[in-house]
Structures are given as C-alpha cells and as structure tokens.
Amino acid sequence: MTPLAPPVIATRPAVDPAPHGWPLFRLGFRPFYLGAAVFGLLAVPLWIALLLGAVSMPLPISPMLWHAHEMLFGFAAAVIVGFLLTAGKAWTGLATPRGANLATLVLLWLAARGAALLAPYAVYAVLDVVLLPLVAALLVELLLRAGNRRNLPLAMILVLLSLANLAFHLAVVGSIDLDPLRALHAGLALIVMIECVMAGRVIPAFTMGALPGLKLEVRRGLETATLAVTALALALWVLTPPGPATAAAFTAAAALQLLRMWQWQPLRARGRPILWVLHAAYAWIPIGFVLLALAQAGIVGTSAGVHALAVGATGGLIIGMITRTARGHTGRPLRASRLEVLAYLLVMGAAVARVLLPLVSPQQLVATLVGAAIAWSAALAIYLFVYVPWLVTTRLDGKDG
C-alpha cells in the first residue's frame, strides 16, 4: 500500500487576468450547471405527467425513450461538459471556451433539448449529436497541447459517449439493427465509468483535505482490478444477453467497489455534508451492480439497477459536485448550508423512493414515482435558489472565472 496524496490537477500555473465579459459565460460550469439544473427540475415532472397520462405531447419518440435519453444526454451530459470545460483549465493552465464560444455550445445544447419537444426527429437528432464530439475534440486538443496525457482517457470516454448517442438516434430511425434501449444502457455505463475514474481521484483527496491528519492509503492493485472488472461487467451488460457471466461480473464488481469505498473511510466524513454526499452517492454504484446481477436471473427488474446508477449514483454525485465545484470556482467556502444539505437528502430520498420502495411495495409504484419526482425537483429548485445569484455574478475574490 502507498499513501494516497491529493492529485495534481494542473500541469502549469493558470493566469488570472482581470474579470471581463458577462460572468455567466466566463467558465463552463456556470451556464451548463445552471442549464442542467433547470432542465432536470422540469424534465422529471414532465415525464411523470406523460407516464400517468396527465398531459399529452407529440414527442418524436416514445415518452420512455425521451425520458431516458434526455436525462442521460441532456441533464447528465450538460454537467459533465460543464465540469470538463472547467477542469480542463485547471488541468492544463490553458483557456477553455468562454464568452461567445461558450455561449454557442450552450445554445447548441439548449436547441437540442427544445427540438426533442418541438421539431421533426431529424432536426432533433442532428442537433443532439453535435455537442459531445465537439467538446471531446476541444478537450483532446487542450490536453495534447499541454502535454497532459493523464486525463486523455476521460476524453476518450466522452468520444465513446458520443458514439452511444449517435447509435441511439440511428437505432430509432432504423438505420442500424439495434434496440435503442441498449444504446441508452451504453450511455449510462460510460457515465458510470467516468464517475468511477473521477471519484477515485477526488473523493479520497477531498476526504483528506477536509479531515486534517487523515492519511488514506490506496491499494494500486485494488484500484486497477475494480476499474477493470467494473468495465467488464458493464460491457457484458450492454453487449450480451442476460446470463450468469454478467451476473458474476456484476457481483465481483460490487464487492470490489465496496472494498474500494471502505479504504476511503466514508464514516469519517459523516460530520461534513459536502463530503458525505459524495460517499453516499458512490455507495449506490455497488447497490446498482447487485441489483443488475439479480436482474440477470429475473429476480428483480432491470429498472431497479438502472435507477440506482442513474438517480442514486449519478444524481447524487451531480448534486454533490455541482455544489462543491461551484462554491470553489466562485470563491466561496467549501461548506454546505442547511438548504444544500436538504438538497442532498432530497436526492438520496428520491433514489430510495425510485429504487428501493418499489421493490418492497410494488403496489405503491405510482406513489413512489411521484414522491421521487417531487424530491428530485425540490432538490434542484433549492440548488437554483442558492446558486443562480452566484453563477451569474463575479467571484467573491474578484478573480476571472
């Protein structure tokens, strides 16, 4: 075992020029976090209303496919793009898109969300498939120019995510012989891999930073095995029919993920909400893997495992990271307010309501879906209430960014 030191996130010092331009478009996290929060707040209640027949809209695809696609490639992808455009500057010390260039990326994302509801399918598909490869190309160019090869795998995962999105649209229009749901599962699997890679860097570092004197140790072999078996399990799930091999891989991946989490000493974080939310959200990854293993034998439905990964892990890590990184990049202390803690609890509650309650009380499915949607949207409403004034104004310390 070797001591785990906080990761080096910059290869060269970043220059801090005087602030200029509208604050909202100075750095990627600002407009994309804001847009993702607004979209996530509205899209889930709309999905529930469509599911229950309370509203009717002429969507170009089925409401279920719209919901699944838009939460992955609309909501989650916006947060990933905002994070990577912001982290890319820290990793390299080089400028990332800002001003009109950043606004163009945001408008492209926004146009795709609107086209899903209002435009012919071809228009929606074309608008939707452009953003991710464009951001991937920008990130690769930035990393290569800075000689930062450590983060190239994240850019490559973004490329694969772009291909999964393209495959979804081609499957919907019948250009390829593929179930569109399989392409969505591929997208979720790739997002989970991004989470596993980034969590292994930031959660231990954040934990040590918040708890003076704590020195975590990492087993390099365990890290490698965990990521490898996780990738294998997700690949088998996406690419092969349900079976014992996939169940075994998910079981092994869940066990390795639990061992990985334990070495991060999650119980030490319980007194710091901005930290424990990341540990709690990550715990949904092994939970999701166990549920997907059970789904291979038909013991539970696939939806339980999917939503453990999508709501619990992805939603939880998103609310944790968009609060923490927005606080840091607006010059504010890394300490969650009571409202933010409530938002964390609401997202975790939404995951319990969407994933676990239907397993123990399936006859109450509609009530649990509505309850999960209310908790989810309330959490994002709290985020917007607290953060919109910060996202649209200059940093407290007067720096650019």
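Every chain is numbered independently, its residues counted from 1 as its sequence is written. Residues qualify for local features only when their pLDDT is at least 70, as the model is predicted, and side-chain atom pairs are given and counted only at 80 or more; totals for whole chains, interfaces and linings, by contrast, use all residues. As a convention, hydrogens and water are excluded, and side-chain values are obtained from all of the structure's heavy atoms.

Caption draft 1: Focus on the overall build of the protein chain. Looking only at helices and strands, one finds 12 helices and 2 strands in the protein chain. Starting at the N terminus and ending at the C terminus, the protein chain contains elements arranged as β-α-α-α-α-α-α-β-α-α-α-α-α-α. Taken over C-alpha atoms, the radius of gyration comes to 20 Å for the protein chain, in line with the 21 Å a tight globule of 401 residues would show. Considered along the principal axes of its C-alpha atoms, the protein chain spans approximately 55 × 50 × 40 Å. Counting every position in the protein chain, which comprises 401 residues, the buried fraction comes to 56%. Two residues qualify as a contact provided that any one of their heavy atoms is within 4.5 Å of a heavy atom in the partner residue. Looking at the protein chain alone, contacts between residues at least 24 apart form 77% of all its contacts between residues at least 6 apart. Surface summary for the protein chain: the accessible area is close to 16,500 Å², and the carbon and sulfur share equals 72%. Positive and negative side-chain charges of the protein chain, numbering 26 and 12 respectively, have mean locations separated by a distance of 10 Å. Strands here are runs of E lasting at least two residues and helices are runs of H or I lasting at least four, both read from the DSSP assignment and numbered beginning at the N terminus. This radius of gyration counts C-alpha atoms alone. The globule rule is 2.2 Å times how many residues there are, raised to the power 0.38. The cut-offs for exposure are 20% and 50% of the maximum accessible area for each residue type, with area from a 1.4 Å probe on protein chains only; residues under the lower value are buried, those over the upper are exposed, and the others partly exposed. Using the Shrake-Rupley algorithm and a 1.4 Å probe, accessible areas are obtained, with residue cover drawn only from the displayed protein chains. Charged residues are defined here as Lys and Arg on the positive side and Asp and Glu on the negative side; His and the ends of the chain fall outside this count. To locate a charge, take NZ of a lysine, CZ of an arginine, CG of an aspartate or CD of a glutamate.

Caption draft 2: Region of interest: the side chain of His69. Relative to the assigned elements, His69 resides in helix H2 (residues 63-92). We define a polar contact as two N or O atoms separated by no more than 3.5 Å, with the added condition that, inside protein, one atom must be a possible hydrogen donor and the other a possible acceptor, whereas residues neighbouring each other in sequence contribute only through side-chain atom pairs. Among the polar contacts listed, one links the side chain of His69 to the side chain of Tyr124, at a separation of 2.9 Å. The residues touching His69, leaving out its near neighbours within four places in the chain, are Gly74, Arg113, Tyr124, Asp128, Asn165, Phe168, His169 and Leu184.

Caption draft 3: Looking closely at the pattern of salt bridges. A carboxyl oxygen of Asp or Glu within 4 Å of a side-chain nitrogen of Lys or Arg is what we treat as a salt bridge. Under the counting rule described, the total for this entry stands at 8 salt bridges. Notably, a salt bridge pairs Glu70 with Arg113, separated by 2.5 Å at the nearest N-O pair. Pair noted here: Glu70 is in helix H2 and Arg113 is in helix H3 (residues 99-118), with a separation of 43 residues, a long-range link. Across the pair, Arg113 and Glu70 agree in class, each one buried. Overlapping salt bridges, with partners in common, bring together Arg26, Arg98 and Asp400 in one network.

Caption draft 4: Expanded view of empty space enclosed by the protein. Only protein atoms enter the calculation, which uses a 1 Å grid: trapped sets of points that fit a 1.4 Å probe without letting it out are cavities, open sets showing protein on both sides within 12 Å along at least five of seven lines are pockets, and any residue with an atom within 4 Å of a point is a lining residue. Grid points are joined across faces, edges and corners, and a volume is the space filled by probe spheres set on the points. In the structure shown here, the tally under the stated rule is 3 cavities of 30 Å³ or more. Lining of the largest cavity is provided by 18 residues; of these, Ile194, Glu195, Met198, Leu317 and Met321 occupy positions nearest its centre. Listing elements by their share of the lining of the largest cavity, those giving two or more residues are H2, helix H6 (180-210) and helix H10 (302-329). Here the lining of the largest cavity gets 7 residues from one element, more than from any other, and that element is H6. Three categories are distinguished: nonpolar for Ala, Val, Leu, Ile, Met, Phe, Trp, Tyr, Cys and Pro, charged for Asp, Glu, Lys and Arg, and polar for the others, with Gly belonging to the last. Taken together, the residues of the lining of the largest cavity sort by class into 16 nonpolar, 1 polar and 1 charged. Size it by volume and the second largest cavity reaches roughly 70 Å³. Mapped onto the lining of the second largest cavity, the elements with two or more residues apiece are H2, H3 and helix H4 (121-146). Across the lining of the second largest cavity, the residue classes tally to 8 nonpolar, 1 polar and 2 charged.

Caption draft 5: View of the packing of aromatic side chains. Here a Phe, Tyr or Trp ring, Trp counted by its six-membered ring, pairs with any other such ring whose centre lies within 6.5 Å, and the pair is stacked when the planes are under 30 degrees apart, edge-to-face when over 60, and tilted otherwise. For the coordinates displayed, the defined rule picks out 11 aromatic pairs. Seen from their ring centres, Phe39 and Trp109 are 6.1 Å apart, and the 80 degrees between their planes marks the pair as edge-to-face. In this pair, Phe39 is assigned in helix H1 (residues 29-52) and Trp109 in helix H3, connecting sequence segments 70 residues apart. Considered together, Phe39 and Trp109 belong to a single accessibility category, that of buried residues.

Caption draft 6: Just helix H5 (residues 152-172), in detail. The end-to-end C-alpha distance of H5 is 31 Å, a good match for the 30 Å that 21 residues give at a rise of 1.5 Å each. Phi turns positive one or two residues past the end of H5, at Gly174, with a value near 85 degrees. An expected span of 1.5 Å times one less than the residue number is assigned to each helix.

Caption draft 7: Representation of the environment of Leu41 in the model. As for its position among the elements, Leu41 is in helix H1. It is 24 Å that separates the C-alpha atoms of Leu41 and Ala186, two residues lying 145 residues apart in sequence. Residues contacting Leu41, with those up to four places away along its chain left out, are Ser377, Leu380, Ala381 and Leu384.

Caption draft 8: A look at the layout of surface pockets. Here the largest pocket is characterised by a volume of approximately 700 Å³. Forming the boundary of the largest pocket are 30 residues, of which His67, Val306, His307, Ala310 and Arg354 lie nearest the centre. Secondary-structure elements contributing two or more residues to the lining of the largest pocket are H1, H2, H6, H10, helix H11 (338-360) and helix H12 (365-391). With 8 residues, H10 is the largest single contributor of residues to the lining of the largest pocket. Its residues placed into classes, the lining of the largest pocket shows 22 nonpolar, 7 polar and 1 charged.

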